[in-house]
Amino acid sequence: MFEAYTKSIFINGIWHEVKESATEIVYNPATLKPITQVSHASTKEAKQAIAAALKAFPAWSKKTGRERSKILYKAYQMMYEDAERLGKILTMEQGKPLKEAIGEIKGAAHFLLWYAEEASRSYGEWLPSSVTSKRLIVIPQPIGVVGAITPWNFPSSMITRKLAPALAAGCTVVLKPAPDTPLSAIEIVKIFERVGLPSGVVNLVTGDATAIGKELLISKDVRLITFTGSTEVGKYLMKESANHVKKLSLELGGHAPSIVFADADLEKAAKLVLASKFRNNGQTCICTNRLFVHESVMNDFANLLKEKVQKLKLGDGLAANTDIGPLINEQACKKVQFHVEDATKQGAIIEHGGKPWNTEELSGYYFEPTILSNVSNEMKIMHEETFGPVLPLQVFSEEAEVIDKANNSDYGLAAYIFTENTSRAIRVSEQLDYGIVGINDVFPATPEAPFGGIKQSGLGKEGGHHGMDKFLEKKFISIGIDN
Ligand code: NAP
């Protein structure tokens, strides 16, 4: 057990401990052994954190972009240089293989770098007026106190993707991370503390989601909630925030289709489809949830997939040769099993895997990487987010047909196409109803570009210069002048 995390609530620059009855144990999903315990905050701490963020806002928002940039840049350096240690912590609490965890930490650090660079580039506008007696100016101003709620699947990068642009814009923040993975959040806040972020600018409350969420929703001082998580909780936040006309940014669930055309480089496509499906054990909002393969290459492609899947090694993410770690918790494992059972009951064939997996030492929530064929549209897996290592395959014959199939979803986050034909790549990507399209690319998330979904996958973008927008109000100043 780590001792270091018992004080996990950070308010106004001070680490707080709540009484012992209000603690939560954090487990390693690979072994189900406890790692540490963290404080379980509730309404009182949420109120204090909001008050601290409000108090810190005037001074932080008045700093120049350059001043804010320097702090973000130092945080980037510290995080990047500490990637190995932070990666180990991330693997222990979340389960993903260490190489993926270190990759996530470096990616998370890059959000700090990108927004350190953007901090001094938040421009206004001088608009041409239709009358000579006026001058029209638009200035960007930080929105105020921001509530940031984050999930467990990317416990570092989902935090810096919010904190970095918020801080660059001049906002102050109350952060509520997921209870399965609070340690990565604590480590990020410690970095900000070490690089001299003023007290109250970032506050951390680990604990009761409903109580903390409610405070963020009802407080008039919180001007924006930025949320990454399930569509279900996103809808709840949207409904409840209507009472205060609170601004919202929602990064929600996905159900990504991958389409392999007959003219694809099959070897490359198979490698990328597997990376998209089994990265983070399928627990990625943009991971492939449906695979459509052209009928003329289905057999060859399915064989390539099976050959490669057989080589994937399940295990503890800390072990050097692990490709796939455990699922996050029992509920996640049950959902994956339910999707496989539902599909097989309706005629799907298990081509590989299909069941939970354990050894004597590894009693965590493992599930074999699974490939299903003979899949039909009625199966739950074709509509609901599986969030696990199951790849359902369907054939198609025509381009128009597969576009319709791919768009047949309430979600609209990411879609992937594999083709060597440029005209097809452009034509199809323009017709896919998704916020992100990867062409022969399954890793589209990057600090430089806007990431976000349409339809029930969310509102707003994170990343790129677009990622600053929600943290900045545009104030219009109209000036009458004597000619
Ligand atoms: P979740 O259950 O919606 O939880 C997300 C966060 O919201 C957690 O911190 C959770 O805390 C909190 N929460 C739950 N109920 C709340 C409430 N009433 N008020 C305030 N906060 C509340 O999602 P998850 O299982 O952690 O994450 C997986 C989901 O996130 C998937 O659907 C995935 O697709 C999506 N995701 C989307 C993106 C994207 O960029 N679009 C990125 C990553 C993940 P508790 O756990 O304590 O309830």
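On a predicted model such as this, the values are computed, not experimentally measured, just so you know.

Conventions used here
Throughout, a residue's number is its position along its own chain's written sequence, starting from 1. Local features in a predicted model are, by the rule used here, given only for residues with pLDDT of at least 70; side-chain atom pairs are given and counted only at 80 or more, and totals for whole chains, interfaces and linings are based on all residues. Computation of side-chain values: all heavy atoms of the structure, hydrogens and water removed. In this description a helix means any DSSP run of H or I spanning at least four residues, a strand means any run of E spanning at least two, and both kinds are numbered starting from the N terminus. The quantity called the radius of gyration is restricted to C-alpha atoms. Its globule counterpart is 2.2 Å times the number of residues to the power 0.38. Should any heavy atoms of two residues lie within 4.5 Å, those residues are considered in contact. Accessibility throughout is a Shrake-Rupley quantity obtained with a 1.4 Å probe, and a residue counts as covered only by protein chains that appear here. Note on method: axes are straight lines fitted to C-alpha atoms, helices fitted across the in-contact stretch only, with angles between N-to-C directions ranging 0 to 180 degrees. Relative orientations are named as follows: roughly parallel for angles under 35 degrees, roughly antiparallel for angles over 145 degrees, roughly perpendicular for angles from 65 to 115 degrees, and oblique for any other angle. Helix crossings are classified by the rotation of the near helix relative to the far one: an anticlockwise turn of less than a right angle makes the crossing left-handed, while a clockwise turn makes it right-handed. For the domains described, the bounds stem from an automatic or database domain assignment. Accessible surface is computed with a 1.4 Å probe, and the buried area is the amount of it that two parts give up when combined, taken over both parts together. By the criterion applied in these results, polar contacts are pairs of N or O atoms within 3.5 Å in which, for protein atoms, one can donate a hydrogen and the other can accept it, and in which residues neighboring in sequence qualify only through two side-chain atoms. In the scheme used here, Gly and all other residues not listed as nonpolar or charged are polar, with Ala, Val, Leu, Ile, Met, Phe, Trp, Tyr, Cys and Pro taken as nonpolar and Asp, Glu, Lys and Arg as charged. Pairing of aromatic rings covers Phe, Tyr and the six-membered ring of Trp, with a centre-to-centre limit of 6.5 Å; geometry is then stacked below 30 degrees between planes, edge-to-face above 60, and tilted otherwise. The rule is simple: take the accessible area with a 1.4 Å probe, protein chains only, and divide by the maximum for that residue type; under 20% is buried, over 50% is exposed, in between is partly exposed. Lysine NZ or arginine CZ positioned within 6 Å of the ring centre and within 35 degrees of the ring normal marks a charge as sitting over the ring. Here, nonpolar core refers to any group of buried Ala, Val, Leu, Ile, Met, Phe, Trp, Tyr and Cys residues whose side-chain atoms link them within 4.5 Å.

Enquirer: What exactly am I supposed to notice about the overall build of the chain here?
Expert: A tally of regular secondary structure across the chain gives 13 helices and 22 strands. A globule of 483 residues ought to have a C-alpha radius of gyration of about 23 Å, and the chain, at 23 Å, matches this closely. Taken along the three principal axes of its C-alpha coordinates, the chain extends 75 × 65 × 40 Å. Residue pairs at least 24 apart in sequence account for 73% of intrachain contacts in the chain once pairs closer than 6 positions are excluded. About 20100 Å² of surface is accessible on the chain, with carbon and sulfur atoms providing 52% of the total.

Enquirer: Where do I start with the packing of helix α9 (residues 266-278) against helix α10 (residues 298-309) in this structure?
Expert: Think of two packed helices as two axes; the pair is described by the angle between the axes and how far apart they sit. Put simply, α9 and α10 touch, their axes get as near as 10 Å, and they point 55 degrees apart. The angle between α9 and α10 falls in the class oblique. In this structure, the crossing between α9 and α10 has a hand that is right-handed. Each of L266, E267, A269, A270, K271, V273, L274 and F278 in α9 lies in contact with α10, whose residues at this interface are D300, F301, L304, L305, K308 and V309.

Enquirer: What is the right way to look at the domain arrangement of the chain in this model?
Expert: Many descriptions give the size of an interface as the accessible area lost when the pieces come together. On domain assignment, one finds that the chain holds domain 1 (9-252 + 457-477) and domain 2 (256-446). Centre-to-centre, using C-alpha coordinates, domain 1 lies 31 Å away from domain 2. Between domain 1 and domain 2, the buried area comes to about 2100 Å², and carbon and sulfur atoms account for 56% of it. Looking only at domain 1, the three residues that lose the most surface to domain 2 are A30, W152 and S457, adding up to 23% of its buried area. Our count for the contact surface shared by domain 1 and domain 2 stands at twelve residue pairs in polar contact (both at pLDDT 80 or more). Examining the composition of the side of domain 1 that touches domain 2, we find that five residues originate from one element, helix α3 (residues 83-94), more than from any other. For the side of domain 1 that touches domain 2, the per-class residue count stands at ten nonpolar, eight polar and seven charged.

Enquirer: Before we go on, may I ask you to explain the packing of aromatic side chains in this structure?
Expert: One pair of aromatic rings is described through two measures. These are the centre distance and the angle between the planes. All chains considered together, the criterion is met by six aromatic pairs. Centre to centre, the rings of Y76 and Y80 are 5.8 Å apart; their planes meet at 50 degrees, and the pair counts as tilted. Here Y80 and Y76 lie together in helix α2 (residues 65-81), a separation of four residues that amounts to about one turn. Taking 5.5 Å as the distance between ring centres and 80 degrees as the angle between the ring planes, the aromatic pair formed by F261 and F396 counts as edge-to-face. Residue F261 is found in the loop between β12 (256-260) and α9, and its partner F396 is found in strand β18 (residues 390-396); the two are separated by 135 residues along the sequence. One exposure class covers both F261 and F396, and it is buried. By way of ring pairs, the aromatic residues Y73, Y76 and Y80 are connected into one cluster. Sitting over the face of the ring of F154, K96 holds its NZ or CZ atom 3.8 Å from the ring centroid.

Enquirer: Which parts of the structure should I look at to understand the nonpolar core?
Expert: Proteins that are soluble and globular tend to have nonpolar side chains buried together. Judged by nonpolar contacts, the single largest core of 59 residues is most densely connected at M79, L167 and F192. A per-element tally of this core places helix α4 (residues 98-118) first, with twelve residues. Not counting residues within four places of it along the chain, the set of residues in contact with F192 comprises L72, A75, L112, L163, L167 and L197.

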